[in-house]
Amino acid sequence: MAFYDLRDFLESCRKENDLIEVDRYVDVNLEMGKALKKSYANNGPVIIFRNNGTDYPAVGGVFGNRKKALRALNAQNNTVLPWFAETIDRPIAPVMVKSAPCQEIIIEGEDVDLGKFPIPKFSELDGGPYLTAGISISKDPETGIADLGHYRFQAIGKDYFGFMAQPFHRLGKNCNKAKALGMKKFEMALVVGTDPVLAYTCQVQNVPDTTDDWSLAGALRGQPVELVKCRTIDVEVPATAEFVFELEIDFETEVSEGPLGEYTGYMTPASERPIARVKAITHRKDPYFQVLLTGKPVTENHILKNIPLEASFYNAMKKQFPTITDVAVTPSGGVQLYAVIAMKQRYANEARHVILSAMSSNVRPKWIVVVDPDINVHDSAEVEWALSFRVDPGRDVILVNNVPSAPLDPSSHGDSLQEKTNSTIGIDATMPFGKLYATVAEVAGWEDYSFPEISSER
Ligand SMILES: Cc1cc2nc3c(=O)[nH]c(=O)nc-3n(C[C@H](O)[C@H](O)[C@H](O)COP(=O)(O)O)c2cc1C
């Protein structure tokens, strides 16, 4: 059963003793980030910071660990990948409602003041406070198809943000398309605080740009998302969202956005980006403002991406290569740069086709390792074993130079986000097809052998 909204999910965390409320003052400027990092390092609970110097409680750690992700998705650890991959192929369309809790309170005109919200600054070197937990909702300017995504929004002025959308993500594509069509302005909404499934939906990659993300979210929830029209822009938003920022991007006015400590674990420098002006803010009564820590892996950012990205990559790759059995796109690689794929080859060197296909996927991985199905892709020791003893580097490595890269990877070359390139490497760590390989040295039957002197309960 899906969670109705963020509050419903928080209640379930409370019941599981996985939520704490902090009443003492915690500063949104630098202190909240420390608290969230500490909680992450200790596999900690969701935290509600009641006293943060604003009128609104801040909620962090909603994506703090895999257990919370599985709770939000109502899924089991060992079946989540195939479940997620199959579910996104069964869309459930959203439904429109006329009035909605997210519009209980309306703030417009002179009353708009981003300084009144608990938007944190995480690290000393960040250019300012960053709204990283917002879900961006934009529509393809030609087809009107909705995209949900996460993009960094820096609160710069009283009523405007600077933001960064990479050209291979859909908000970036939508903006570039709007500009190419001669549009000077582009409407979008930024939604804060929803049923967490909507956030996991944002991180589905490798689906066509014609995918309506509301229907994907409906599929993962098992029931339709309820939407309401924004008040000042032609965009639909979830009726039960805590906050909605109705924005208008002005391509003709640029602001300096950044630096920010990114998911790569490195600071990205400031650069000129289009301004996003706030036309209105609407929110529920007694709303919760969600915050999300980003920076050197592993943070909430990586937990949030991990399951949806692996599952959608698995879904897309399996359509082309049906004997793929598992994939891992690891948090330490930013859930992007390092991918391991397990497969049973159907013919000689099929693993090399898999590598070439993965290289050209929208994940843009820099390292791709293909292993046989007996290797657990989620266990780095097993992958290292395969790399060590099933690879002849002179034969099994594919290096491709000058391909579009993850633009924020500091080892990439090129100036603008559009120009960034790098090399990418694939390693076929499967055993040669159709040939007898060395026999694995196993102590057969040890797992089922009863040996009470050393039991697993010790
Ligand atoms: C917390 C968070 C912040 C992100 N910030 C950005 C960003 O500022 N710019 C960007 O291009 N991608 C960013 N990403 C990555 C995209 O959100 C992500 O790849 C997403 O799948 C894009 O989906 P879309 O292409 O459907 O919009 C971020 C991801 C997370 C989890």
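Note that the structure is predicted; figures quoted are calculated from it, not measured.

Enquirer: Teacher, can you tell me more about helix 3 (residues 66–73) here?
Expert: An α-helical turn contains 3.6 residues, so any two residues separated by three or four positions project in the same direction. In terms of burial, helix 3 is a largely internal element, six of the eight residues being buried. Within the sequence span of helix 3, burial applies to Lys 68, Ala 69, Leu 70, Arg 71, Ala 72 and Leu 73. Trailing helix 3 by a residue or two, Asn 74 shows a phi angle of about 55°, which is positive.

Enquirer: Whenever I open this one, the site of the ligand confuses me. Can you help?
Expert: Taken together, 19 residues are adjacent to the ligand, and Asp 147, His 150, Tyr 151, Arg 152 and Arg 170 come closest. Taking Tyr 151, its side chain carries an N or O atom lying 2.6 Å from an oxygen atom of the ligand. At 2.8 Å from an oxygen atom of the ligand is found a main-chain nitrogen or oxygen belonging to Gln 166. If the ligand stood free it would expose 630 Å²; the protein chains cover 94% of that surface. When contributions to the shell around the ligand are tallied by element, the ones reaching two or more residues are strand 8 (146–150) and helix 8 (300–320). If one sorts the elements of the shell around the ligand by residue count, strand 8 sits on top with four residues.

Enquirer: Which parts of the structure should I look at to understand the packing of helix 1 (residues 6–15) against helix 3?
Expert: In a pair of packed helices, the angle between the axes and the distance between the axes together describe the arrangement. Here helix 1 crosses helix 3 at 125°, and the two axes come no closer than 11 Å. As judged from the angle between their axes, helix 1 and helix 3 are oblique. In the crossing of helix 1 with helix 3, the sense of the turn from one axis to the other is right-handed. Together, Phe 9, Ser 12 and Cys 13 of helix 1 and Lys 68, Arg 71 and Ala 72 of helix 3 make up the contact between the two elements. A per-class count over the contact of helix 1 with helix 3 returns three nonpolar, one polar and two charged.

Enquirer: For this particular structure, what's the right way to read the sheet that holds strand 2 (residues 46–51)?
Expert: Two modes of strand pairing occur in sheets, parallel and antiparallel, and in both the strands are linked by backbone hydrogen bonds. Taken together, the four strands give an open sheet; going across it, the order is 1-2-3-18, and neighbouring strands pair in mixed fashion. Each of the sheet's edge strands pairs with one partner strand only, and the pair in question is strand 1 (19–25) and strand 18 (289–290). Sheet topology places strand 2 next to strand 3 (residues 58–60); three bridges connect them, and they run antiparallel. Along strand 3, the bridge assignment pairs Phe 49 with Ala 58. The sheet strands contacting helix 2 (residues 31–41) are strand 1, strand 2 and strand 3, and the helix crosses strand 2 at an angle near 155°.

Enquirer: Mind showing me how you'd approach the domain arrangement of the chain here?
Expert: By a widespread convention, an interface's size corresponds to the accessible area lost as its parts come together. When the domains of the chain are assigned, the result is domain 1 (6–290) and domain 2 (321–428). A C-alpha centroid distance of 30 Å is found between domain 1 and domain 2. Taken together, the connections running from domain 1 to domain 2 amount to zero salt bridges. Remark: the boundary between domain 1 and domain 2 carries four residue pairs in polar contact (both at pLDDT 80 or more). Classifying every residue of the side of domain 1 that touches domain 2 by side-chain character gives seven nonpolar, six polar and two charged.

Enquirer: I would appreciate a short explanation of a nonpolar patch on the surface in the present structure.
Expert: A contiguous nonpolar surface patch, about 310 Å² in accessible area, is contributed by Trp 385, Phe 389 and Val 440. Position of Trp 385 among the secondary structure elements: in helix 10 (residues 380–389). For Trp 385, a relative accessible area of 36% gives the class partly exposed.

Enquirer: Teacher, can you tell me more about the packing of aromatic side chains here?
Expert: Where two aromatic rings form a pair, the distance of their centres and the angle of their planes describe that pair. Overall, the coordinates contain 14 aromatic pairs when judged by the stated rule. Between Phe 63 and Tyr 200, the aromatic rings sit 5.4 Å apart at their centres with planes inclined by 90°, giving edge-to-face as the arrangement. Here Tyr 200 lies in helix 6 (residues 196–202) and Phe 63 lies in the loop between strand 3 and helix 3, a separation of 137 residues in the sequence. Across the pair, exposure class does not vary: Phe 63 and Tyr 200 are buried alike. Measuring from ring centre to ring centre gives 6.1 Å for Trp 83 and Phe 84, while their planes differ by 90°; the resulting arrangement is edge-to-face. Grouped by ring-pair contacts, the aromatic residues Tyr 56, Phe 117, Phe 153, Phe 161, Phe 163, Phe 243, Phe 245 and Phe 289 constitute a single cluster. The ring of Tyr 263 carries Lys 305 above its face, with NZ or CZ at 3.9 Å from the centroid. Directly above the aromatic system of Phe 168 lies the positively charged group of Arg 364, at a separation of 3.8 Å from the ring centroid.

Enquirer: Any chance you could explain the pattern of salt bridges here in plain terms?
Expert: Between side chains of opposite charge, a pair can form as their charged atoms come close. Applying the stated criterion to the full structure yields 29 salt bridges. A salt bridge links Asp 89 to Lys 319; the shortest N-O distance between them is 3.2 Å. Here Lys 319 lies in helix 8 and Asp 89 lies in the loop between helix 4 (80–87) and strand 4 (95–96), a separation of 230 residues in the sequence. The class of Asp 89 is partly exposed, set by a relative accessible area of 43%. Judged by relative accessible area, which is 55%, Lys 319 ranks as exposed. One salt bridge in this structure joins Glu 242 and Arg 284, with 3.8 Å as the shortest N-O distance. Taken together, the positions of Glu 242 in the loop between strand 13 (236–238) and strand 14 (243–257) and Arg 284 in the loop between strand 17 (271–283) and strand 18 put the pair 42 residues apart, joining distant regions of the chain.

Each value, and the rule that gives it
- Residues numbered from 1 in each chain as written.
- Predicted model: local features only at pLDDT ≥ 70, side-chain atom pairs only at ≥ 80, totals over all residues.
- Heavy atoms only, no water.
- Buried < 20%, exposed > 50% of the residue type's maximum accessible area, 1.4 Å probe, protein only.
- Helix = DSSP H or I, 4+ residues; strand = E, 2+ residues; numbered from the N terminus.
- Near = heavy atom within 4 Å.
- Polar contact = N/O pair within 3.5 Å; in protein donor to acceptor, adjacent residues only side chain to side chain.
- Areas by Shrake-Rupley, 256 points an atom, 1.4 Å probe, with all protein chains shown as cover.
- Axes fitted to C-alpha atoms, helices over the stretch in contact; angles between N-to-C directions.
- Parallel < 35°, antiparallel > 145°, perpendicular 65-115°, else oblique.
- Left-handed = near helix turned anticlockwise from the far one by under 90°.
- Contact = heavy atoms within 4.5 Å.
- Nonpolar A, V, L, I, M, F, W, Y, C, P; charged D, E, K, R; others polar.
- Pairing = 2+ DSSP bridges.
- Domains from an automatic or database assignment.
- Salt bridge = Lys/Arg side-chain N within 4 Å of Asp/Glu carboxyl O.
- Patch = residues over 30% accessible without salt bridge, like charges linked within 9 Å, V, L, I, M, F, W, Y side chains within 5 Å.
- Phe/Tyr/Trp six-rings, centres within 6.5 Å; stacked < 30°, edge-to-face > 60°.
- Lys NZ or Arg CZ within 6 Å of the ring centre and 35° of its normal.

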